[in-house]
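Structural description and commentary
Below, each chain spelled out in residue letters.
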Amino acid sequence: QAQLVESGGGAVQAGGTLRLSCSASGSIQSINDMGWYRQAAGKQRELVATITSGGSTNYADSVKGRFTISRDNAKNTVCLQMNSLKPEDTAVYYCNADLVEELFFRHAVWGQGTLVTVSS
């Protein structure tokens with residue numbers, strides 16, 4: 001079964017930058033939307049940014065102008081460049097992909113999550 005593996009989380013000071021990466025592997029025929037979500041302690045998971053296979057993007061208002069999502073369709077990867085980080089960006093960040101596996105099995109897959117901590 002397909003899986004997503006994230007990397008790039010860590011601890012930074014406010015105003016700093018981090019780049020998250022997510023790689024999809026397995027018997028994947030195609031990937032539709034990919035995205036990043038985050039969940040802060042005690043809060044619900046929320047959308048950060050998504051990107052279609054054609055490159056159209058969507059961002060949460062809280063990250064517009066600071067975060068940039070990108071993908072490489074040939075490598076089945078998606079990245080999130082995070083600039084001007086704020087303490088409120090602290091959360092576990094999850095990669096998500098809407099993909100099609102063998103026998104046209106379409107479903108959403110989540111990564112294991114990577115922790116981003118921003119100190120003031």
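Here, the structure is the one placed above.
Residues numbered from 1 in each chain as written. Predicted model: local features only at pLDDT ≥ 70, side-chain atom pairs only at ≥ 80, totals over all residues. Heavy atoms only, no water.

Before going further, it helps to spend a moment on the sheet that holds strand 7 (residues 67-72). A sheet is described by the order of its strands in space; here 4 strands give the open sequence 1-3-8-7, paired in antiparallel fashion. Single-partner strands in this sheet number two, and they are strand 1 (3-7) and strand 7. With direction set aside, neighbouring strand axes in the sheet form an average angle of 15 degrees. In this sheet, strand 8 (residues 77-82) lies alongside strand 3 (residues 18-25) in antiparallel orientation, the contact comprising 6 bridges. In the sheet register, Ser-21 faces strand 8, and the bridge partner there is Cys-79. (Pairing = 2+ DSSP bridges. Helix = DSSP H or I, 4+ residues; strand = E, 2+ residues; numbered from the N terminus. Axes fitted to C-alpha atoms, helices over the stretch in contact; angles between N-to-C directions.)

Once that is clear, we can look at the pairing of strand 10 (residues 105-110). Working note: regular strand, side chains alternate between the two faces of the sheet. With 6 bridges connecting them, strand 9 (residues 91-101) and strand 10 associate as antiparallel partners. Bridge pairing links Val-100 to Arg-106 in strand 10. Between strand 9 and the antiparallel strand that follows it, strand 10, lie 3 residues; Leu-103 among them carries a positive phi value of about 60 degrees.

One finds Trp-36, Leu-80, Met-82 and Tyr-93 to be the most contacted residues of the largest nonpolar core, which totals 31 residues. Ranked by the residues each element gives to this core, the list is headed by strand 9, at 5 residues. Not counting the four nearest positions on each side in its chain, Met-82 is found in contact with Gly-16, Thr-17, Leu-18, Leu-20, Arg-66, Phe-67, Tyr-93 and Val-116. (Core = buried A, V, L, I, M, F, W, Y, C linked by side-chain atoms within 4.5 Å. Buried < 20%, exposed > 50% of the residue type's maximum accessible area, 1.4 Å probe, protein only. Contact = heavy atoms within 4.5 Å.)

So, on to the pattern of salt bridges. Counted by the stated rule, this structure contains 5 salt bridges. Across the pair Glu-46 and Arg-38 runs a salt bridge, and its minimum N-O distance is 2.7 Å. On the basis of relative accessibility, which here comes to 6%, the residue Arg-38 falls in the buried class. A cluster of three or more residues bridged by salt bridges with shared partners is formed by Arg-38, Glu-46, Arg-66 and Asp-89. (Salt bridge = Lys/Arg side-chain N within 4 Å of Asp/Glu carboxyl O.)

Here we come to the state of the cysteines. For the coordinates displayed, the defined rule picks out 1 disulfide. Cys-22 shares a disulfide with Cys-95; S-S distance 2.1 Å. The disulfide joining Cys-22 to Cys-95 has a torsion of about -85 degrees about its S-S bond and is therefore left-handed. Here the residue Cys-22 occupies a position in strand 3, and Cys-95 occupies one in strand 9, the gap between them amounting to 73 residues. You can call Cys-22 buried: its relative accessible area is 1%. With relative accessibility at 0%, the residue Cys-95 sits in the buried group. Considering cysteine sulfurs only, Cys-22 is the nearest to Cys-79, which forms no disulfide, with 8.7 Å between them. Taking the relative accessible area as the measure of exposure, Cys-79 reaches 14% and is therefore buried. (Disulfide = S-S within 2.5 Å.)

It is worth spelling out the packing of aromatic side chains at this point. This structure, assessed with the given rule, holds 1 aromatic pair. Ring centres of Tyr-37 and Trp-110 lie 5.1 Å apart, and the angle between their planes is 65 degrees; on these two criteria the pair is classed as edge-to-face. Here Tyr-37 is found in strand 4 (residues 28-39), whereas its partner Trp-110 is found in strand 10, with 73 residues between them in sequence. On the basis of relative accessibility, which here comes to 38%, the residue Trp-110 falls in the partly exposed class. Note that Arg-45 overlies the ring of Tyr-94, its terminal NZ or CZ placed 3.7 Å from the centroid. Sitting above the plane of the Trp-110 ring, Arg-45 keeps its charged end 4.6 Å from the centroid. (Phe/Tyr/Trp six-rings, centres within 6.5 Å; stacked < 30°, edge-to-face > 60°. Lys NZ or Arg CZ within 6 Å of the ring centre and 35° of its normal.)

Coordinates in, geometry out; function isn't part of it.
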